[in-house]
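What follows is each chain in one-letter form.
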Amino acid sequence: MIWKCTCIIALASELLALQVYQDSSVNATVGENVLLPCLYHASAAVRVGQYRWLKGNVSEVSPTARGYEDRVKRLLDDAFRNNKNASIQIQGVTLSDSGMYYCEVEILGSGKAFGNGTNLQVFSPQERDQK
């Protein structure tokens, strides 16, 4: 019985080793540049790590991904490591950019974790004027 309790405590502390935070929603108008914020907390010092974004848990969102070519800007590695910031900017958003975006952060020694997702809603200028 003691062994089971020790494992549960160890597992719980490992799950808290990396936490990813995202805004729940972001609104934009067609043509605007939009920031999708993603911050993380790692219990260990960050020396080696990486991050990526997914749209709807399937499509990768990157500067070379289909539909996002040259429209996605990532932060410099220093901002990722030192500021614990994994945000991206999508330039010139379109209506088809609307959807749920997930930030995934992986830190050597802390594991991998996803944020809860950010719902990006892109409006036409006419829709924006009506709100």
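Up top you'll find the structure we're talking about.
Residues numbered from 1 in each chain as written. Predicted model: local features only at pLDDT ≥ 70, side-chain atom pairs only at ≥ 80, totals over all residues. Heavy atoms only, no water.

A look at the sheet that holds strand β7 (residues 72-74)
Right, on to step 1. The strand order across the open sheet built from three strands is β3-β8-β7, with neighbouring strands paired in antiparallel fashion. Of all strands in the sheet, those with a lone pairing partner are β3 (34-36) and β7, marking the two edges. If you compare each strand with its neighbour and ignore which way they point, the axes differ by 25° on average.
Right, on to step 2. Relative to strand β8 (residues 88-90), β7 is paired through three bridges, and the arrangement is antiparallel. When the bridges of β8 are listed, Lys73 appears paired with Gln89. (Pairing = 2+ DSSP bridges. Helix = DSSP H or I, 4+ residues; strand = E, 2+ residues; numbered from the N terminus. Axes fitted to C-alpha atoms, helices over the stretch in contact; angles between N-to-C directions.)

Notes on the side chain of Arg71
Right, on to step 1. Mapping Arg71 onto the fold places it in the loop between β6 (59-61) and β7.
Right, on to step 2. The class of Arg71 is buried, set by a relative accessible area of 15%.
Right, on to step 3. A distance of 3.1 Å separates a polar side-chain atom of Arg71 from the backbone oxygen of Gly92.
Right, on to step 4. Setting aside anything within four residues of it in sequence, one finds Arg71 in contact with Gln89, Ile90, Gln91, Gly92, Val93, Thr94 and Asp97. (Buried < 20%, exposed > 50% of the residue type's maximum accessible area, 1.4 Å probe, protein only. Polar contact = N/O pair within 3.5 Å; in protein donor to acceptor, adjacent residues only side chain to side chain. Contact = heavy atoms within 4.5 Å.)

What to know about the pattern of salt bridges
Oppositely charged side chains can form a pair if their charged atoms are brought close together.
Right, on to step 1. Overall, the coordinates contain five salt bridges when judged by the stated rule.
Right, on to step 2. Measuring nitrogen to oxygen at the nearest pair gives 2.9 Å for the salt bridge that ties Asp97 to Arg71. Residue Asp97 is found in the loop between β8 and β9 (99-107), and its partner Arg71 is found in the loop between β6 and β7; the two are separated by 26 residues along the sequence.
Right, on to step 3. Taking relative accessible area as the criterion, Asp97 reaches 2% and is therefore assigned buried. (Salt bridge = Lys/Arg side-chain N within 4 Å of Asp/Glu carboxyl O.)

Considering the packing of aromatic side chains
Right, on to step 1. Here the structure, examined in full by the defined rule, presents two aromatic pairs.
Right, on to step 2. Here the aromatic rings of Tyr40 and Phe80 are separated by 5.1 Å at their centres, their planes lie at 40°, and the arrangement is tilted. Within this pair, whereas Tyr40 is found in strand β4 (residues 38-42), its partner Phe80 is found in helix α2 (residues 77-82), the two being separated by 40 residues in sequence. You'll find Tyr40 and Phe80 in the same group, each marked buried.
Right, on to step 3. Measuring from centroid to centroid gives 5.1 Å for Tyr51 and Phe80, while their planes differ by 25°, and the two rings are stacked. A residue pair is termed long-range when its members are at least 10 positions apart, and Tyr51 in strand β5 (residues 49-55) and Phe80 in helix α2 qualify at 29 residues. Exposure class is identical for Tyr51 and Phe80. Each is buried.
Right, on to step 4. Members of the aromatic cluster, each reached through a chain of ring pairs, are Tyr40, Tyr51 and Phe80.
Right, on to step 5. We note Arg74 situated over the ring of Tyr51; from NZ or CZ to the ring centre the distance is 3.9 Å. (Phe/Tyr/Trp six-rings, centres within 6.5 Å; stacked < 30°, edge-to-face > 60°. Lys NZ or Arg CZ within 6 Å of the ring centre and 35° of its normal.)

Structural notes on the state of the cysteines
Right, on to step 1. Following the criterion strictly, the structure yields one disulfide and no others.
Right, on to step 2. One disulfide in the model links Cys38 with Cys103; its S-S distance is 2.1 Å. As the torsion about the S-S bond is roughly -80°, the Cys38-Cys103 disulfide counts as left-handed. Of the two residues, Cys38 is situated in strand β4 and Cys103 in strand β9; the sequence distance between them amounts to 65 residues. (Disulfide = S-S within 2.5 Å.)

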